[in-house]
Amino acid sequence: MLPEARKLGHLGINAMPRRFTLSDANLRRNECIFEAIYGELYATYKHVLSADSRRCGCPKWIERLQIIDSTTISLFSNLIFKGVVWHPKTEKKKGSIKAHANIHANEFVPSDIRFTSAPKGDSFMLRPSNYHSGDILTFARAYIYYAKFEEMTEAGVTYVTKMKKNLRYETLEDVMYMTQEGVMEHRVRQVVFTKRSKGDEEVKHQARIITYADSKKHKTKLISLLINDMEMSIQDIIEIYRQRWEIELLFKQLKQNFPLRYFYGESANAIKIQIWVTLIANLLLMVLLQKRIKRSWSFSNLATMVRIMLMYYIDCFSFFEHPEKDWLKILDTHDNPSAEPSLFD
């Protein structure tokens, strides 16, 4: 920031802030302020980010689909947030913070974020009270929790997740569908899971297990999916689970385009503030990319250009729509030079 000290006037900054001022702000300004700012921005631009399934050719259920997952961000110390990964040189655990996210499949920005230490389990994000009848959830197999699955079924919420290998269940019905060549196309099983809680209460949950052959890079792998909807088509179930990859792309986008490998503060509050600022910047860039600019830009190129232009007072919208406009003027002047006046003009 120091080399750009004379270019901060258009940002409303008249004096260069000192390092201890920023450090004090990281310590005293609660991260809840930035969480509230993100929440207000999301509520304001939610309708802008939402894609209309009728216009984009997506299936109708895409507007009801939500995805849950988490990502781990490595830290410098194990004192603030406990880690689960061992450092290869020091042979000590590296500190890590885990960001748990819930996104709508047609928005590509988190609608709900929670931070924990890396060893913390993921199933606490399954809160049936946060969803409405007709909603569809997809998540990884780390979220399997029978009691919450039964609550979602009673509330009319559909989930799709991947099966664990060691799950025990009672099979009620087992049907295998074959192709004309005699190869299994998919297998459908109706099962009942039984689980005893800590209070010796027995929880029973009825679901379907869909097994199909997934072919990728000339390799075929059997995948079993778990769902509590007994009528949804097999193809829709498979496509819903494949949409789970969208949240992985979001995590990749955040880690590749924003500085989350180096943190400017050492306190838990400062770390969370930096992540919230990253999420705010990501949301604003997505609004800019999806609705405000007609010209096609990749997210990484747009983020780089905004980072370069942030200290300059220029019309960003005009530049992003026609970045070569000034260059075309130079070429036009070169191709059509003005006639030089003669001595007698």
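These numbers were taken from a predicted model, which means no experiment stands behind them. (Residues numbered from 1 in each chain as written. Predicted model: local features only at pLDDT ≥ 70, side-chain atom pairs only at ≥ 80, totals over all residues. Heavy atoms only, no water.)

With respect to the nonpolar core
Then, in step 1: Grouped together as the largest cluster of nonpolar side chains are 60 residues, with contacts concentrated most on Y38 and I275.
Then, in step 2: Top element by residues in this core is helix α7 (residues 268–292). It accounts for eleven residues.
Then, in step 3: Residues A140, I144, F149 and M163 belong to the second largest nonpolar core, which totals 22 residues. (Core = buried A, V, L, I, M, F, W, Y, C linked by side-chain atoms within 4.5 Å. Buried < 20%, exposed > 50% of the residue type's maximum accessible area, 1.4 Å probe, protein only. Helix = DSSP H or I, 4+ residues; strand = E, 2+ residues; numbered from the N terminus.)

Regarding unusual backbone geometry
Then, in step 1: A positive phi is found at F108, a non-glycine position, where the angle reads about 65°.
Then, in step 2: Here F108 lies in the loop between β4 (96–104) and β5 (110–117).
Then, in step 3: For F108, a relative accessible area of 14% corresponds to the buried category.

Considerations on the layout of surface pockets
Then, in step 1: Of the pockets and cavities examined, the second largest pocket occupies roughly 430 Å³.
Then, in step 2: Contributing to the lining of the second largest pocket are 14 residues, with K162, D214, K216, I223 and Y241 lying nearest its centre.
Then, in step 3: Counting only elements with at least two residues in the lining of the second largest pocket, the list comes to β10 (202–216), β11 (219–227) and α5 (234–242).
Then, in step 4: Tallying contributions element by element places β11 first for the lining of the second largest pocket, with four residues.
Then, in step 5: Considered class by class, the residues forming the lining of the second largest pocket number five nonpolar, one polar and eight charged. (1 Å grid on protein atoms, 1.4 Å probe; cavity = no way out; pocket = protein on both sides within 12 Å on 5 of 7 lines; lining within 4 Å. Points joined across faces, edges and corners; volume = space filled by probe spheres on them. Nonpolar A, V, L, I, M, F, W, Y, C, P; charged D, E, K, R; others polar.)

Side note on the sheet that holds β11
Then, in step 1: Pairing within the open sheet is mixed, and its nine strands lie in the order β5-β4-β1-β6-β7-β11-β10-β9-β8. Because the sheet does not close on itself, it has two edges, and the strands there are β5 and β8 (170–178). Averaged over all adjacent pairs, the angle separating strand axes in this sheet is 20°, with direction ignored.
Then, in step 2: Both β8 and strand β9 (residues 184–196) contribute to a ladder of eight bridges, which runs antiparallel. When the bridges of β9 are listed, Y177 appears paired with H186.
Then, in step 3: Packing against the sheet, helix α2 (residues 31–49) makes contact with β4 and β5, and its axis sits at approximately 155° to β5.
Then, in step 4: Across the face of the sheet, α7 comes into contact with β1 (65–74), β4 and β5 while running at roughly 160° to β5. (Pairing = 2+ DSSP bridges. Axes fitted to C-alpha atoms, helices over the stretch in contact; angles between N-to-C directions. Contact = heavy atoms within 4.5 Å.)

Some points on a positive patch on the surface
Then, in step 1: A cluster of like positive charges, contributed by R141, K164, K165, K216 and K221, occupies part of the molecular surface.
Then, in step 2: Relative to the assigned elements, K216 resides in strand β10. (Patch = residues over 30% accessible without salt bridge, like charges linked within 9 Å, V, L, I, M, F, W, Y side chains within 5 Å. Areas by Shrake-Rupley, 256 points an atom, 1.4 Å probe, with all protein chains shown as cover. Salt bridge = Lys/Arg side-chain N within 4 Å of Asp/Glu carboxyl O. Lys, Arg positive; Asp, Glu negative; His and termini not counted. Charge placed at Lys NZ, Arg CZ, Asp CG, Glu CD.)

Some details on the confidence of the model for the chain
Then, in step 1: Put simply, the chain has an average pLDDT of 82, and 84% of its residues get 70 or more.
Then, in step 2: Per-residue pLDDT stays below 50 along residues 83–87; that stretch engages in 18 contacts with residues further than four places along the chain or on separate chains. (pLDDT = per-residue confidence, 0-100.)

Some thoughts on helix α8 (residues 299–309)
Then, in step 1: For α8, the complete set of buried residues consists of F299, L302, A303 and M309. The buried residues of α8 occupy one face: seen down the axis, they fall within an arc of 140°.
Then, in step 2: Where the residues of α8 are buried, they touch α6 (245–257), α7 and α9 (316–321). (Arc of directions from axis to C-beta.)

Considerations on the pattern of salt bridges
Then, in step 1: Considering all chains together, one arrives at nine salt bridges under this definition.
Then, in step 2: One salt bridge in this structure joins R127 and D112, with 2.6 Å as the shortest N-O distance. Taken together, the residues R127 in the loop between β5 and β6 (136–139) and D112 in strand β5 connect sequence positions 15 residues apart.
Then, in step 3: As a salt-bridge pair, R244 and E248 come within 3.7 Å of each other at their nearest N and O atoms.
Then, in step 4: Each of E35, D112, R114 and R127 takes part in salt bridges that share partners, so that together they form one network.

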